[in-house]
Amino acid sequence: MAQMPSRALAIVIDMAVQFTVLIGAYALLGAFAVVSDFAMFSAVMIVLVVLVLVGYPVIFESLTRGRSLGKLALGLRVVSDDGSPERFRQALFRGLAGVVEFWLFSGAPALIASLVSQRGKRLGDVFAGTIVISERAPRGGGQLIMMPPPLASWAATLELSQLPDEVAQAARQYLMRWHDLSPQVQHEMGIRIATQVAAFVSPAAPAGAPPHAYLSAVLAERRRREQIRFTQRAAGNGLSHLTPQPGPYAPPAGPYAPSAGQPQPPAGYPQPPAGYPQPQPQPHPQGGYPPPQPQTRVPYPGPAAPAPEPPQATPGGFAPPQ
């Protein structure tokens with residue numbers, strides 16, 4: 001989703017263009033005396049104001065699939081809530097609401113609505129069923145949050161509908177910064193964020209799963225389900241050629257991270273076959289689990305062997321990610 005500073009700058013650019021067009025039209029009508037009658041002059045100016053204030057955003061966003069001049073300069077685009085391109089009806093709703101939000105009340109309703117909305121929607125977006133996104137994705141070096149293979153079968157059974165976006169974003173930021181943190185901070189921060197996530201996710205994590213592996217499994221499964229929903233909606237709207245791109249988040253290293261030469265599990269995250277080594281957590285002097293330690297991994301031996309029994313959840317609340 002587009003951030004508020006970039007959206008505000010795009011709106012300033014659009015309003016500057018509109019204001020310049022209005023001043024230029026007024027100067028041309030007055031200089032060349034195109035309309036001599038004062039009443040007719042007033043009527044022509046009213047029509048021009050309506051065309052510029054409403055027609056400018058509606059025409060540009062309809063012809064360019066959701067981009068005005070300001071959004072084009074900032075790399076923003078208006079799309080429907082389901083990800084499909086903005087329609088003329090939605091652009092018209094946004095244009096009419098923009099006159100009230102920006103020109104009559106100086107943007108105060110749009111600012112308040114954007115702060116209240118979890119997705120940063122202004123009133124025009126709420127009425128039209130649209131959202132502003134940024135097409136200039138941040139660079140992440142091609143690194144992704146990957147599903148830890150030992151947690152794949154458990155993650156497929158997760159109930160994630162109650163997980164708030166704010167908590168998931170905190171988990172993403174933790175995983176992105178994992179390599180830059182000291183081991184003590186990695187452990188303490190991971191325990192705190194994993195506990196917050198576990199309050200909204202069920203069932204409980206398998207015994208011995210460190211915090212970073214637990215969070216990676218939850219976010220990877222959440223991402224996979226969002227991709228499935230996006231693909232289904234795109235197919236229903238005739239946009240089957242669109243394919244969602246994975247996010248630019250880096251997975252932490254450790255016993256649950258796949259090694260460089262290890263093949264990735266196929267779609268659906270099957271349970272690793274029998275014989276696949278499982279890391280055993282060692283008791284920590286303070287009662288928890290130690291930070292993840294490097295461990296040699298071997299590739300999958302093949303899908304021929306039967307799957308092992310799923311790990312049991314740790315009793316007594318959320319101790320698993322520790």
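Above this text is the structure in question.
Report on the accompanying structure. Here the structure is a predicted model, which means the values were calculated and not measured. (Residues numbered from 1 in each chain as written. Predicted model: local features only at pLDDT ≥ 70, side-chain atom pairs only at ≥ 80, totals over all residues. Heavy atoms only, no water.)

Brief notes about a nonpolar patch on the surface
On the surface, Phe93, Leu123, Val126 and Phe127 cluster together to form a nonpolar patch covering roughly 370 Å² of accessible area. Element by element, the count of residues in the nonpolar patch is highest for helix α6 (residues 123–128), at three residues. Mapped onto the elements, Leu123 comes out in helix α6. Relative accessible area serves as the criterion here: at 32%, Leu123 is assigned to the partly exposed category. (Patch = residues over 30% accessible without salt bridge, like charges linked within 9 Å, V, L, I, M, F, W, Y side chains within 5 Å. Areas by Shrake-Rupley, 256 points an atom, 1.4 Å probe, with all protein chains shown as cover. Salt bridge = Lys/Arg side-chain N within 4 Å of Asp/Glu carboxyl O. Helix = DSSP H or I, 4+ residues; strand = E, 2+ residues; numbered from the N terminus. Buried < 20%, exposed > 50% of the residue type's maximum accessible area, 1.4 Å probe, protein only.)

Focus on helix α8 (residues 165–176)
Counting along an α-helix, one turn takes 3.6 residues, and residues three or four places apart therefore face a common direction. Here α8 is 12 residues long and its end C-alpha atoms lie 16 Å apart, about the 16 Å a rise of 1.5 Å per residue gives. Val167, Ala168, Ala171, Arg172, Tyr174 and Leu175 are the residues of α8 that are buried. Buried residues in α8, looked at end-on, bunch into an arc of 160 degrees, giving them a common side. Buried positions along α8 lie against α9 (183–198) and α10 (211–236). (Expected span 1.5 Å × (residues − 1). Arc of directions from axis to C-beta. Contact = heavy atoms within 4.5 Å.)

Some details on empty space enclosed by the protein
One pass over the structure, following the stated rule, counts three cavities of 30 Å³ or more. Approximately 270 Å³ is the volume attributed to the largest cavity. Residue lining of the largest cavity: 21 residues in total, with Asp14, Pro57, Lys71, Phe102 and Arg122 positioned closest to the centre. Looking at the lining of the largest cavity, the elements with two or more residues in it are α1 (4–31), α2 (38–63) and α4 (88–104). (1 Å grid on protein atoms, 1.4 Å probe; cavity = no way out; pocket = protein on both sides within 12 Å on 5 of 7 lines; lining within 4 Å. Points joined across faces, edges and corners; volume = space filled by probe spheres on them.)

Focus on the side chain of Ser6
Within the fold, Ser6 resides in helix α1. A distance of 2.8 Å separates a polar side-chain atom of Ser6 from the backbone oxygen of Gln3. Discounting chain neighbours no more than four positions away, the residues touching Ser6 are Leu74 and Leu76. (Polar contact = N/O pair within 3.5 Å; in protein donor to acceptor, adjacent residues only side chain to side chain.)

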